[in-house]
Amino acid sequence: MEKLTFYALSAPEKLDRIGAYLSERLSRDVARHRYGYVCIAMEALDQLLMACHCQSINLFVESFLTMVRKLLEADKPNLQILGTNSFVKFANIEEDTPSYHRSYDFFVSRFSEMCHSSFEDPDIRTKIRMAGIRGLQGVVRKTVNDELQANIWDPQHMDKIVPSLLFNLQQDEAAERWKESPIELTERCFRELLGRAVYGNIKNAVKPVLMHLDNHSLWESKTFAVRCFKIIMYSIQSQHSHLVIQQLLGHLDANSKNSARVRAGIVEVLSEAAVIEASGSIGPTVLEVFNTLLKQLRLSVDYELSGYNDLSNLGTKVIKEHEERQLQESVIKTIGSFASTLPTYQRSEVMLFIMGKIPVPGMYPALGSANTGRMIQVMLLKSLFQVTVGFQSTNMLTALPTSFLDPLLSFTLMEDAEVRLLVLEILISLIDRHENRLKFSSISIISDISVLKLKVDKCSRQDNLFMKKNSQRLCRHIFLVCKEENSSQRHFESLFTLLALISMELANEEVVVDLIRLALALQDLANDEALPLFNRCAIHALSASYLNLICQLTTVPTFCQHVHEVIQARQKEVPFLLPEDVFIEKPRLLPESLEKMEGDVLFLQTKIAETLGGSGYNTERLATPYIPQLTGRPINELLKSSVNATEAAIFKRSFGIVIIWTEMGGGYHSLERRRLVVERFQTAPFEEIAAHCGARASLLQSKLNQIFEITIRPPPSPSGTLSSAHGQAQSRSIPIYEMKFPDLCVY
């Protein structure tokens, strides 16, 4: 072997003849089953290949690859493994000269076939599969960075390589006897392949994974699919992560009519991928991600309510409601996962985007039944809540702009108790910037709030501006939510949390005064005999709990003393007006009826105004009873003729949609105009719509022509002006080639 190597190095032009001779000998020995000589020939070729790097190596390599191909085609496992080992050694060699005509198509196909070996003996089967995996790894190493070779990223190759790797990644055979198990080798090879992928190759590498999971029904179990995409997301370059996300979203769209379990599996993978892709960039089309997920959420609601996954073909299979519900929860969770990776400004955009998708009853006839609209509202509000979880913003004016806050608060006027509760949860999540909400998760009379270790910062200038603009609106909606007859314990607990957080996060002295007035107004509201007994007791308890909290936050001793005296009087005489006796699973002490409360068990507005006035608070404002002010012309006209808020509630129940839209700043006229436009485009003939739009376009064009005539003038001419018959100067336009320019202007 030493002599042969020396001869080859001394006379490199002889390499091709040496290779041809060894190849001929090997072919003859394989045919005659002289396997010892086969091993000798391959050893000689391997050593020559490792030693020689001259320009004549290409012809020798051709002979070498011909011999490897011969071994791989043999039916003996040992020969296949021998040929694979030689190919792997060759793959690790960096050649000095390029090859223009070499093809690796056979090796991709053969190694992929070996990865699926079904040999009877399990040990030999495992050896063959591992040889196939190493062979594919060698092909990738040899070709991935060589532009002259066939592109290994082409679908024809990826459709063989990737499924072969995934097939071995699924195997769960015991491999204690192996130094490296087939699964470990496969994962290492798969990671190496993905790590070499550049921007233009990601799609071709991921698509076979999606097809493999489809063909083998692996989405439903989720575990293997999640594992595959964890490998992908951790292996590819981080700047390409959004490409994988986009492919998953596209695959989810393509499976819109598949079973809920399949869609849930894809959504679960998306959720896990979003957590890994924590760089905060999910690509240039952030809203497209959320649009796709929201579309899937709406489809799932339609499928659940109709019972079919194809409304145009009722012959399709029946939907299982519980599976659709699980899918909806997965989508909502995934929306939260994506939102958690976004910076604050993008999360605000997503919140506005989702808010724009929430249907308002009576405005979208295409929603179908009221139940469909209601479910879509609930699902989208749950999605919005997930986006707000963990949201931190130092500027509430940007976190809660009017375009977002107005429609959100409008949903507190809905009769649906679940919708109102979700809105309260969203507000709490947005306002809580110091993680204090859990400390107020239940309503109680806290004798010393210092034990809660609250995090309170001074109200910033931006927060003051926000509350100056929105405090009355927030107070109004809190008051109106308390009037709802179907409010439950969770509603009152959320209201207490919201009031507490506003007091700590956003309250200056003026806001504190308004909140105290609101609490006293709630105490008066609790005397409304039209409300259910539980609600009246709950409102009393809410008012007492909040005044107990705010008096300790203001640290005015006389104010605290009055609040504590009233609470003590209630504990003795009417304990059912305190949270400890109202907000329990089965309130035992509630009376059969509740008379109008008077005397020491009520908080007195005059007393509170007197105690706080000495500490610099606005006494005149404190002494003024709180009356919720509604906006919008129809409501204002109603309130001018009303003496109490009960009539406003009746009006709200009768014309709830008007109040919703007046709260959003549109007013009744805006609602009517929008309704007429929608009705015209739904019912008018096409010719009429086209004529209407054409007329508007013609009007616009005529106006533009007038503007152009006024603003556009002929360019000034170097040859001067002409005089008209009336003695006025008139511009003369002459061809450019006739103009006479000064010499300095001519080059």
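Computed from a predicted structure; not experimentally measured.

Some remarks on the overall build of the chain
Looking only at helices and strands, the chain has 33 helices and two strands in total. Relative to its 747 residues, the chain shows a buried fraction of 50%. Restricting the contact set of the chain to residue pairs at least 6 apart, pairs at least 24 apart contribute 73%. Here the chain displays about 37,200 Å² of accessible surface, and carbon together with sulfur accounts for 53% of that area.

Re the side chain of Thr412
The topology assignment puts Thr412 in the loop between helix H19 (402–410) and helix H20 (417–431). Polar contacts involving the side chain of Thr412 include one to the main-chain carbonyl oxygen of Leu409, which spans 2.4 Å. Ignoring anything within four residues of it in the chain, the contact list for Thr412 reads Arg420, Val423, His477, Val481 and Glu484.

Things to note about the confidence of the model for the chain
Averaged over all residues, the pLDDT of the chain equals 82, while 80% of them reach at least 70. For residues 631–666, every residue scores under 50 in pLDDT, and the model assigns this stretch 63 contacts once sequence neighbours within four places are set aside. Counting interchain partners and residues more than four positions distant, the pLDDT-below-50 stretch residues 719–729 has 10 contacts.

Section: the packing of helix H8 (residues 155–170) against helix H9 (residues 182–195)
Contact pair H8 / H9: the axes reach a minimum separation of 8 Å and the direction vectors enclose 145°. Between H8 and H9 lies a crossing whose hand is left-handed. Contacts between H8 and H9 involve Met158, Ile161, Val162, Leu165, Leu166, Asn168 and Leu169 from the first element and Ile183, Thr186, Glu187, Cys189, Phe190 and Leu193 from the second. Residues of the contact of H8 with H9, tallied by class, amount to 10 nonpolar, two polar and one charged.

Looking at the pattern of salt bridges
Under the counting rule described, the total for this entry stands at 22 salt bridges. Of the charged contacts in the structure, one is a salt bridge between Asp416 and Arg374, with a shortest N-O distance of 2.5 Å. Remark: Arg374 occurs in helix H17 (residues 370–388) and Asp416 occurs in the loop between H19 and H20; sequence separation between them is 42 residues. For Asp416, a relative accessible area of 18% puts it in the buried group. Residue Arg374 is classed as partly exposed on the basis of its relative accessible area, which comes to 28%. Note that Arg621 and Asp514 form a salt bridge whose closest N and O atoms lie 2.9 Å from each other. Of this pair, Arg621 sits in helix H28 (residues 619–622) while Asp514 sits in helix H23 (residues 509–525), placing them 107 residues apart in sequence.

Concerning the nonpolar core
Counting residues in hydrophobic clusters, the biggest one holds 211 residues, and the most contacted among them are Phe190, Trp219, Phe229, Ile516 and Phe559. Once you skip the residues sitting within four places of it in the chain, Trp219 turns out to touch Leu210, Leu213, Asp214, Ala225, Phe229, Leu248, His251, Arg261, Val262, Gly265, Ile266 and Val269.

A word on the environment of Leu381
Along the chain, Leu381 falls in helix H17. Considered as a pair, Leu381 and Arg420 are 39 residues apart in the sequence and their alpha carbons are 9.8 Å apart. Those residues in contact with Leu381, other than ones at most four positions away along the chain, are Ile358, Val419, Leu422, Val423 and Ile426.

Considerations on the packing of aromatic side chains
Centre distance and the angle of the planes are the two values used to describe a pair of aromatic rings. Enumeration over the complete set of coordinates arrives at 15 aromatic pairs. Considering the side-chain rings of Phe64 and Phe90, the 5.6 Å spacing of their centres and the 50° angle between planes classify their relative orientation as tilted. Of this pair, Phe64 sits in helix H4 (residues 57–73) while Phe90 is found in helix H5 (residues 77–91), placing the two residues 26 residues apart along the sequence. Note on accessibility: Phe64 and Phe90 belong to one class, buried. Ring geometry for Tyr104 and Phe107: centres 6.2 Å apart, planes at 50°, overall tilted. Judged on exposure class, the residue Tyr104 and its partner Phe107 are both buried. One Lys or Arg, Lys142, reaches over the ring of Phe90 and ends 4.4 Å from the middle of that ring.

Points about helix H22 (residues 489–505)
Note on helix geometry: an α-helix contains 3.6 residues per turn, so any two residues three or four positions apart are oriented the same way. The first and last C-alpha atoms of H22 sit 24 Å apart over 17 residues, in line with the 24 Å expected at 1.5 Å per residue. With 15 of 17 residues buried, H22 lies mostly within the body of the structure.

Describing the packing of H5 against helix H6 (residues 105–115)
Contact pair H5 / H6: the axes reach a minimum separation of 12 Å and the direction vectors enclose 130°. As summarised for this structure, H5 and H6 are arranged oblique, according to the angle between their axes. Taken as a pair, H5 and H6 cross one another with a handedness that is left-handed. Counted together, Gln80, Thr84 and Phe87 of H5 and Phe107, Arg110, Phe111 and Met114 of H6 form the full contact between these two elements. Among the residues forming the contact of H5 with H6, the class breakdown is four nonpolar, two polar and one charged.

Describing the environment of Ser330
With respect to the element layout, Ser330 can be found in helix H15 (residues 321–340). Remark: the alpha-carbon pair of Ser330 and Val267, spanning 63 residues in sequence, is separated by 6.4 Å.

What to know about a nonpolar patch on the surface
Together, Leu700, Leu704, Ile707 and Phe708 make up an exposed nonpolar region whose accessible area comes to about 360 Å². Considering the arrangement of structural elements, one finds Leu704 in helix H33 (residues 686–711).

Some remarks on the environment of Ile231
The residue Ile231 is located in helix H11 (residues 223–235) in this model. Sequence separation of Ile231 and Phe190 is 41 residues, and the distance between their C-alpha atoms is 8.1 Å. Among residues more than four places away in sequence, those in contact with Ile231 are Leu169, Glu187, Phe190, Arg191 and Leu194.

Thoughts on the state of the cysteines
According to the stated counting rule, one finds zero disulfides in the structure shown. Note on Cys560: no disulfide assigned, nearest cysteine sulfur contributed by Cys551 at a separation of 3.7 Å.

Parameters at a glance
Residues numbered from 1 in each chain as written. Predicted model: local features only at pLDDT ≥ 70, side-chain atom pairs only at ≥ 80, totals over all residues. Heavy atoms only, no water. Helix = DSSP H or I, 4+ residues; strand = E, 2+ residues; numbered from the N terminus. Buried < 20%, exposed > 50% of the residue type's maximum accessible area, 1.4 Å probe, protein only. Contact = heavy atoms within 4.5 Å. Areas by Shrake-Rupley, 256 points an atom, 1.4 Å probe, with all protein chains shown as cover. Polar contact = N/O pair within 3.5 Å; in protein donor to acceptor, adjacent residues only side chain to side chain. pLDDT = per-residue confidence, 0-100. Axes fitted to C-alpha atoms, helices over the stretch in contact; angles between N-to-C directions. Left-handed = near helix turned anticlockwise from the far one by under 90°. Nonpolar A, V, L, I, M, F, W, Y, C, P; charged D, E, K, R; others polar. Salt bridge = Lys/Arg side-chain N within 4 Å of Asp/Glu carboxyl O. Core = buried A, V, L, I, M, F, W, Y, C linked by side-chain atoms within 4.5 Å. Phe/Tyr/Trp six-rings, centres within 6.5 Å; stacked < 30°, edge-to-face > 60°. Lys NZ or Arg CZ within 6 Å of the ring centre and 35° of its normal. Expected span 1.5 Å × (residues − 1). Parallel < 35°, antiparallel > 145°, perpendicular 65-115°, else oblique. Patch = residues over 30% accessible without salt bridge, like charges linked within 9 Å, V, L, I, M, F, W, Y side chains within 5 Å. Disulfide = S-S within 2.5 Å.

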